[in-house]
Amino acid sequence: MNEIDSLEMAVIDRNAEYWGVEPWELMEEAGRKVASEIESNRSVTLFCGKGNNGGDGFVAARYLFEKECDVKVVLVGKERSIGTDVARDNWLKLKNLDVTLIEGPRKEFYNDLEITSDVVVDAILGVGIKGRLREPVKSAVQAINRAKKSRIVSVDVPTGIDPDTGKGYGVKSDTTITFHKKKKGLNKAKLVDIGIPDKAETHVGPGDLFFLPKRKENSHKGENGRLMVIGGEEYTGAPALSALAALRSGCDLPVIYTKGNKDTISGFSPNLIVRDIKSFDSDKIYKSSSKFDAALIGPGLGRNSESMEEIRRLIDKLDIKKVLDADALHACKKTKTLLRKSIITPHSGEFESLFGKKPSKQLIKEFADQYNCIILKKGKNDIISNGDTIKINESGNAGMTVGGTGDILAGVVSSLVARKDYDFRLTAAASFIVGKAGDQIKKDLGVDGIIATDLLKEIPKVRAEQV
Ligand SMILES: NC(=O)C1=CN([C@@H]2O[C@H](COP(=O)(O)OP(=O)(O)OC[C@H]3O[C@@H](n4cnc5c(N)ncnc54)[C@H](O)[C@@H]3O)[C@@H](O)[C@H]2O)[C@H](O)CC1
Ligand SMILES: [K+]
């Protein structure tokens, strides 16, 4: 079972909510599972923090009260500092029960605290810990570690242990009840299911947008990704759509390189920078590439045999991160080693033509592994794989089969590569963004009559709305 870190947990939580499982349901199950680890009629002191780890503790206290335990809850802070609604709701439920509730905001309270209960529950900090322990949490942890006669049960992560490193001064638990997936640094842990739906991990959701790059506040032009868009020999609109989509996805310097159509393409929009080249395998492209972070090769390329040769040499020699789309994939048909370390975005027909087999989840994963690339196979549901993991994207709708949406998707994928990295989760996030943009348009226009350019303005809104 691979361990996961706090960001991954936050992604799963957000996606669980998106797929219909509310945070309060997860917390209720988390607390119930903790309580079920403790026998009835015992005396239990629960130390609860201000976040959702504390919320789990409040729920556990309620279930322990119902098991006729002698329950005392110590809030390591003040009631008004409880940081989330779902935790506060569970604190308020306790106030209606015959449970001793103590607020302990000051470290002095813990310095001479004698804990005599049979069991101590450590629900102070979980995966939300940031940095070294601050007071009064630190003194509370020391008080718990002095309770030698008590059985110490930690919730999710022993308070003080950083789940991303497994290190830190923390509670010396007898056991840790950890949720959904193991975290680093847990010895004597029991892994319990708290009802997170599989889709929270198998499908792309708004949580995956947590991986997106943040725009640097005081950044200069070009610091938020510089992208070469190479194509446009046959279809002039395609590279324009890709470059505009990259701009709408936060890349601030996409430059189109095309053969013979510079004026036509730059005429589409004042936002476009277009350079003319004599060959796709030209020194001009290689020299310029040192000023770019990534290249999208393929939009509107066509299949001119001389250009196909040039494109093969370009893919082989260009040493920046690459996204290959449309007829750039056709160029790689006979030499699939050219796909190595690239992101490719075929639709089903292009996949079959490239690999000689109809796409399936398993085959997408196998070919991504075999050719060491990331495959985003477009379809009713996009399927994304890096050869190790598969993610499915359900966002999007039938109105998006119109021409040009593939160029838009390639532009968003490429902008994230240019801005951040060649990354499986970012590729999946791009698929989710474009699909959600299409779903937003569908609300306004219905499925008939969506055109690719409609998507552009919706792209930045998806991130703003979903995260
Ligand atoms: N999907 C799940 O597994 C669920 C897990 N749940 C529980 O929620 C916590 C994570 O909750 P979160 O609110 O994000 O963070 P924490 O409660 O762990 O901590 C935040 C809290 O702690 C304070 N804090 C942070 N760092 C420090 C520090 N170094 N010193 C002192 N105080 C610190 C911060 O100010 C906040 O107040 C997870 O572990 C599970 O237990 C949910 O119940 C449901 C889903
Ligand atoms: K804890």
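- As annotated in an unreviewed UniProt entry, the chain carries the name Bifunctional NAD(P)H-hydrate repair enzyme and comes from Methanohalarchaeum thermophilum.

Things to note about the packing of aromatic side chains
Working step 1: Going through the model one piece at a time under the given rule, you end up with 10 aromatic pairs.
Working step 2: Centroid distance F109 to Y110: 4.8 Å. Interplanar angle 85 degrees. Geometry classified as edge-to-face.
Working step 3: The class for Y110 is buried, based on a relative accessible area of 0%.
Working step 4: Each residue in the set F351, F355, F367 and Y371 is aromatic and connected to the rest through ring pairs, giving one cluster.

Observations concerning the pairing of strand 3 (residues 100–103)
As a general feature of sheets, a regular strand has side chains that alternate between the two faces.
Working step 1: Bridge count for strand 2 (residues 70–75) against strand 3 is 4 bridges, and the pairing is parallel. When the sheet's bridge partners are listed, V74 is paired in strand 3 with I102.
Working step 2: For the segment spanning strand 2, helix 4 (residues 85–95) and strand 3, crossover handedness is right-handed.

Some thoughts on helix 13 (residues 348–355)
Working step 1: Regarding helix 13, the residues found buried are E350, F351, L354 and F355. One side of helix 13 carries all its buried residues, which in axial view fall inside an arc of 110 degrees.
Working step 2: Following helix 13 by one or two positions, G356 has its phi on the positive side, about 75 degrees.

Topic: the nonpolar core
Working step 1: If you look at the biggest cluster of nonpolar residues, it comprises 51 residues, and the most contacted ones within it are L227, L272 and I408.
Working step 2: Among the secondary structure elements, those contributing two or more residues to this core are strand 8 (226–231), helix 8 (237–248), strand 11 (294–297), strand 14 (374–377), helix 15 (405–419), helix 16 (424–445) and helix 17 (452–466).
Working step 3: Leave out the neighbours within four places in its chain, and L227 touches A246, C251, L253, P254, V255, F292, A294, A295, L296, S414, S415 and A418.
Working step 4: Listed in part, the 38 residues of the second largest apolar core include Y286, F292, M308 and L338.

Notes on the coordination of the potassium ion (ligand 2)
Under ideal tetrahedral coordination, the four donors around a metal are separated by 109.5 degrees; under ideal octahedral coordination, the six donors are separated by 90 or 180 degrees.
Working step 1: Binding of the potassium ion (ligand 2) to the protein goes through N53 (OD1), D122 (O), L125 (O), V155 (O), V157 (O) and T159 (OG1), at separations of 2.6 to 3.2 Å.
Working step 2: Mapped onto the sequence, the donors of the potassium ion (ligand 2) take the spacing N-x68-D-x2-L-x29-V-x1-V-x1-T.

Observations regarding the environment of R313
Working step 1: By secondary structure assignment, the location of R313 is in helix 11 (residues 305–317).
Working step 2: In sequence terms R313 and G232 are 81 residues apart; their C-alpha atoms lie 18 Å from each other.
Working step 3: Not counting the four nearest positions on each side in its chain, R313 is found in contact with D281 and Y286.

Looking at the domain arrangement of the chain
Working step 1: In terms of domain boundaries, the chain breaks down into domain 1 (3–202) and domain 2 (207–466).
Working step 2: Distance from the C-alpha centre of domain 1 to the C-alpha centre of domain 2: 44 Å.
Working step 3: With 11 residues of domain 1 at the interface, the matching set in domain 2 holds 12 residues.
Working step 4: Between domain 1 and domain 2 lies a buried interface of about 970 Å² when both sides are counted; carbon and sulfur atoms form 47% of it.
Working step 5: For the interface between domain 1 and domain 2, the tally reads 2 salt bridges.
Working step 6: With its nearest N and O atoms 2.9 Å apart, the salt bridge here joins E8 to R425.
Working step 7: There are 7 residue pairs in polar contact (both at pLDDT 80 or more) connecting domain 1 and domain 2.
Working step 8: Sorting the residues of the side of domain 1 that touches domain 2 by element identifies helix 1 (6–18) and helix 7 (199–202) as the ones contributing at least two each.
Working step 9: Looking at which element gives the most residues to the side of domain 1 that touches domain 2, the answer is helix 1, with 7 residues.

Conventions used here
- Residues numbered from 1 in each chain as written.
- Chains lettered and ligands numbered in written order.
- Predicted model: local features only at pLDDT ≥ 70, side-chain atom pairs only at ≥ 80, totals over all residues.
- Heavy atoms only, no water.
- Phe/Tyr/Trp six-rings, centres within 6.5 Å; stacked < 30°, edge-to-face > 60°.
- Buried < 20%, exposed > 50% of the residue type's maximum accessible area, 1.4 Å probe, protein only.
- Pairing = 2+ DSSP bridges.
- Helix = DSSP H or I, 4+ residues; strand = E, 2+ residues; numbered from the N terminus.
- Right-handed = clockwise from strand over helix to strand, strands pointing away.
- Arc of directions from axis to C-beta.
- Core = buried A, V, L, I, M, F, W, Y, C linked by side-chain atoms within 4.5 Å.
- Contact = heavy atoms within 4.5 Å.
- Donors = N, O, S within 2.8 Å, 3.2 Å for Na, K, Ca; no water.
- Domains from an automatic or database assignment.
- Buried area = accessible area lost by both parts, 1.4 Å probe.
- Salt bridge = Lys/Arg side-chain N within 4 Å of Asp/Glu carboxyl O.
- Polar contact = N/O pair within 3.5 Å; in protein donor to acceptor, adjacent residues only side chain to side chain.

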